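# A look at the structure
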Amino acid sequence: MTGPDELDRFLRTDPRDVGCARAVDMLHVYVELVAAGEPAEQRYPGMAAHLSACGPCGEDFEGLLAAVRGQDR
Amino acid sequence: MARLHELLVRAARGEVRRRGPRLRITGPELEDLAYQAAADALLAITGKIGQFRGESRFTTWAYKFVIFEVSAKIGRHFWRHPAVPLDGEDWDRLPDRFGFDPAQEAERRDLLAALRRAVDEELTPRQRAVFVAIVLNDVPLDVLVLQLASSRNAIYKVLFDARRKLRAALDANGYLSPDTSRQT
């Protein structure tokens, strides 16, 4: 990805983005769908949009998913 | 309760190990952070147990608290020991931040000059401060939350609005193509 493309990607906003407060509320539900292989992005597109744009919430998502998957092993 | 604490400690250790390579925290300090996160998560869970609505497994809901505690403690650590200055404006970082190719010097110069103009002319003082801290100075969002005594949601919203305004300004001046993918 070139510089202009990367800047474009960073500045692009998705009106469906639910924001951090809603993402925090829903994270456990969303993570279980992802862990179960369900189409979480289609069911909660606003969550998916937020988690791909918000670094800290994306990091928390990855952490919770890893914890859930670790528990299932 | 002892079993839950044990699960939380295991989840906290897993999370600090997962994030460890990117942190400047190692050894006993990392282990302490995991134990503190598990203890604080247990307190939070005890206080909010009535809010569990069975939308997920109980452990998934409980692990969420430990992940948030690890996040918060790492944010506080970096606030106390910042790797980068939390103020100032380093516009020279932008080309590296967005991976600009030095061979495309003219395009880079024009686009970044337009971005800087838009930051100065389009953003409110608060939007500008948040943009400068996170994008130019590479301050982690959670650290900025602590610095401004704000919330993650509020700072994210400020940055979201700043991104939207800047993109619109660059689009209006022909520097980026219109964003038509998800307009409502």
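In what follows, the structure referred to is the one given above.
The text that follows walks through the structure, step by step, so that each part is easy to find. (Residues numbered from 1 in each chain as written. Chains lettered and ligands numbered in written order. Predicted model: local features only at pLDDT ≥ 70, side-chain atom pairs only at ≥ 80, totals over all residues. Heavy atoms only, no water.)

### So, the interface of chain B and chain A
Interfaces are often sized by the accessible area lost when the parts come together. As a reminder of what qualifies: The contact criterion used is simple: two residues touch if any of their non-hydrogen atoms lie within 4.5 Å. Here the buried area means the combined drop in accessible surface, using a 1.4 Å probe, for two parts upon being joined, counting both sides. What counts as a salt bridge is simple: a side-chain nitrogen of Lys or Arg found within 4 Å of a carboxyl oxygen of Asp or Glu. Counted as a polar contact is a pair of N or O atoms within 3.5 Å, where, for protein atoms, one must be capable of donating a hydrogen and the other of accepting one, and residues adjacent in sequence contribute only when both atoms are in side chains. The numbering of helices and of strands both runs from the N terminus, where a helix is a DSSP run of H or I of at least 4 residues and a strand a run of E of at least 2. Gly falls in the polar group here, along with every residue not listed as nonpolar (Ala, Val, Leu, Ile, Met, Phe, Trp, Tyr, Cys, Pro) or charged (Asp, Glu, Lys, Arg).
With 43 residues of chain B in contact, the opposing surface of chain A contributes 38 residues. Interface area, chain B with chain A, both sides summed: about 3,800 Å², of which 60% is carbon and sulfur. Counting the contacts that link chain B with chain A gives 5 salt bridges. The shortest N-O distance in the salt bridge between Arg152 of chain B and Asp60 of chain A comes to 2.9 Å. Connecting chain B to chain A are 15 residue pairs in polar contact (both at pLDDT 80 or more). At the level of elements, α1 (2-19), α3 (58-80), α5 (105-122), α6 (125-136), α7 (141-147) and α8 (152-172) of chain B are the ones that each hand at least two residues to the side of chain B that touches chain A. Among the elements that make up the side of chain B that touches chain A, the one with the highest residue count is α8 of chain B (10 residues). Of the residues assigned to the side of chain B that touches chain A, the class counts are 17 nonpolar, 9 polar and 17 charged.

### Remarks on the pattern of salt bridges
Just so we agree on the cut-off: Throughout this description, buried means an accessible area under 20% of the type-specific maximum (1.4 Å probe, protein chains only), exposed means over 50%, and partly exposed covers the range between.
Throughout the structure, instances matching the rule amount to 20 salt bridges over all chains. As a salt-bridge pair, Arg9 of chain A and Glu6 of chain A come within 3.0 Å of each other at their nearest N and O atoms. Of the two residues, Arg9 of chain A and Glu6 of chain A are both situated in helix α1 (residues 3-11); the distance of 3 residues between them amounts to about one turn of the helix. Classification of Arg9 of chain A as partly exposed rests on a relative accessible area of 44%. Using a relative accessible area of 18% as the deciding quantity, one classes Glu6 of chain A as buried. Across the pair Lys73 of chain B and Glu69 of chain B runs a salt bridge, and its minimum N-O distance is 3.5 Å. On the criterion of helical spacing, the pair formed by Lys73 of chain B and Glu69 of chain B is a turn pair, its members being 4 residues apart in helix α3. Here Lys73 of chain B and Glu69 of chain B have matching classes, each one buried.

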